[in-house]
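# Coordinate inspection notes
Now for the letters of each chain:
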Amino acid sequence: MPRRRVGFWYRFAAVLCKPPLVVLIKRDWRGMEHIPAEGGFITAVNHNSHVDPFAYAHYQYNTGRVPRFLAKSGLFKKGFVGAAMRGTGQIPVYRESTDALSAFRAAVDAVERGECVVFYPEGTITRDPNGWPMTAKTGAARVALQTKCPVIPIAQWGANELLPPYSKKAYILPRKTHHVLAGPPVDLSRFYDKEMSADVLREATEVIMAAVTRQLEDIRGEKAPETPYDPRRERIEQRRRTEAQTQEKEQREHQEEGQGT
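Being a predicted model, the structure only gives us computed values, none of them experimental. Within any chain, residue numbers begin from 1 and follow the written order of that chain's sequence. A pLDDT threshold of at least 70 governs which residues receive local features in this predicted model, and a stricter bar of 80 or more applies before side-chain atom pairs are shown or counted, although totals over entire chains, interfaces and linings include all residues. Each side-chain value is derived from all of the structure's non-hydrogen atoms; neither hydrogens nor water enter the calculation.

## Here we look at the side chain of H178
Under the DSSP-based scheme used, a helix requires at least four consecutive residues in state H or I and a strand at least two consecutive residues in state E, with every element numbered from the N terminus. Following the sequence through the fold, H178 ends up in strand β7 (residues 176-182). In the analysis that follows, any N or O atom pair within 3.5 Å is treated as a polar contact, provided that within protein one partner can donate a hydrogen and the other can accept it, and provided that, for residues neighboring in sequence, both atoms belong to side chains. One polar contact links H178 to W29, side chain to side chain, over a distance of 3.4 Å.

## A word on the pairing of strand β6 (residues 151-157)
Burial status follows relative accessibility: with a 1.4 Å probe on protein chains alone, a residue under 20% of its type maximum counts as buried, one over 50% as exposed, and anything between as partly exposed. Within β6, seven of the seven residues are buried, which leaves the element mostly enclosed by the surrounding structure. The two faces of β6 match: V151, P153, A155 and W157 on one face and I152, I154 and Q156 on the other face are all buried. In this structure, strand β2 (residues 41-45) lies alongside β6, joined through four bridges in parallel fashion. Across the sheet, the residue bridging to V45 is I154, located in β6. Pairing between strands requires that DSSP locate at least two bridges from one strand to the other. Both β6 and β7 contribute to a ladder of four bridges, which runs antiparallel. Residue pairing for β7: W157 is matched across the bridge by H179.

## Re the state of the cysteines
The disulfide criterion used throughout: a pair of cysteine sulfur atoms within 2.5 Å. Scanning the model with the defined rule gives zero disulfides in all. C17 carries a free sulfur, and the closest cysteine sulfur to it, the one in C116, is 17 Å from it. You can call C17 partly exposed: its relative accessible area is 29%. C116 provides the cysteine sulfur closest to C149, a residue in no disulfide bond, and the two sulfurs are 9.8 Å apart. Using a relative accessible area of 7% as the deciding quantity, one classes C149 as buried.

## Here we look at the packing of aromatic side chains
Aromatic contacts are taken between Phe, Tyr and Trp rings whose centres are within 6.5 Å, Trp giving its six-membered ring; a plane angle under 30 degrees counts as stacked, one over 60 as edge-to-face, and the others as tilted. One pass over the full model with this rule turns up 10 aromatic pairs. Summarising the aromatic geometry, the rings of W29 and Y59 are spaced 5.5 Å apart at their centres and angled 90 degrees between planes, so their arrangement reads as edge-to-face. Taken as a pair, W29 in strand β1 (residues 25-30) and Y59 in helix α2 (residues 52-62) lie far apart in primary sequence, 30 residues in all. Counted as over-ring charges are cases with an Arg CZ or a Lys NZ within 6 Å of the ring centre that also lie within 35 degrees of the ring normal. Its end group placed over the ring of Y166, R127 keeps NZ or CZ at 4.2 Å from the ring centre. Looking at R220, its charged tip hangs above the ring of W132, at a distance of 3.9 Å from the centre.

Structure below.
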C-alpha cells in the first residue's frame, strides 16, 4: 500500500521515533492485509503501556495508512507539542462538549475525509491485573455507527513488558518483542438502522471489544476472563470493602470500650 498524505511533520516524527523503537523492540506484526487500502476507517486498539502508542504507530505507519490519534484539544493550542499535533494531523477531542457525538466531530470528519482514526476504547491503560482489555467507552462505536466505516480490531502485547502499566521503570533487557495482530473488520451492520441509544452504543462497543480481545487471546495463547475488568465496578466494590472495614473497626472499638467499663 502506498503511503498517502504523510507530510513533513509525520516524516519528522518517524525519523525521531523509529530508530529507538527498532533498537529497543523486536517486531512480530501480523494482519496488515486487513488494513483498508482506501477510504476512512477506525482501528480499535487495546492499551497496556505508556510506550504502546509509539510502538503501535510504528506498525500502523508501516501499513501505508498513517494513524490519526485522538487527543485532548488543549494539547493542540501552543508550543512545539501543539505544532507537532497539528502538523501530523492528530485529532482533537473536545471533552467540554455536552453533546456526546459532537465531542468526536473531528474524528467523524477525519473518517469522512478518508483517514485512519485510532481509538483506544478503554480510554486509559488497562487496570486489569493480567493486562486484558477492560470495559470500554462508547466513542469508537459512536463514530463507527455515524459514519458506517470499517472498524479494524487490533491487539498488541509486549510494550507492557518494556514499560509495565503505570510504572516508571523500564526493563530494556532482554530485548522485548512487540506483537501486533489486526483482524478482519467488525460486523456492526445490525446496528445501522437502530436509534443510537445508550443500549445500542454499549452493545456495539462490547462487540468491538470482544473482537479486540479475541485478537489478544491469539497473541497470548490463552483465554481472557469471561467478564472484562470494570474499573467503575471495582471502585464501588472497594468503597464497600472500606466501609465494611470501617464499620467493623468501630464495632470492635465500641465493644472494647464496653468491656472496659
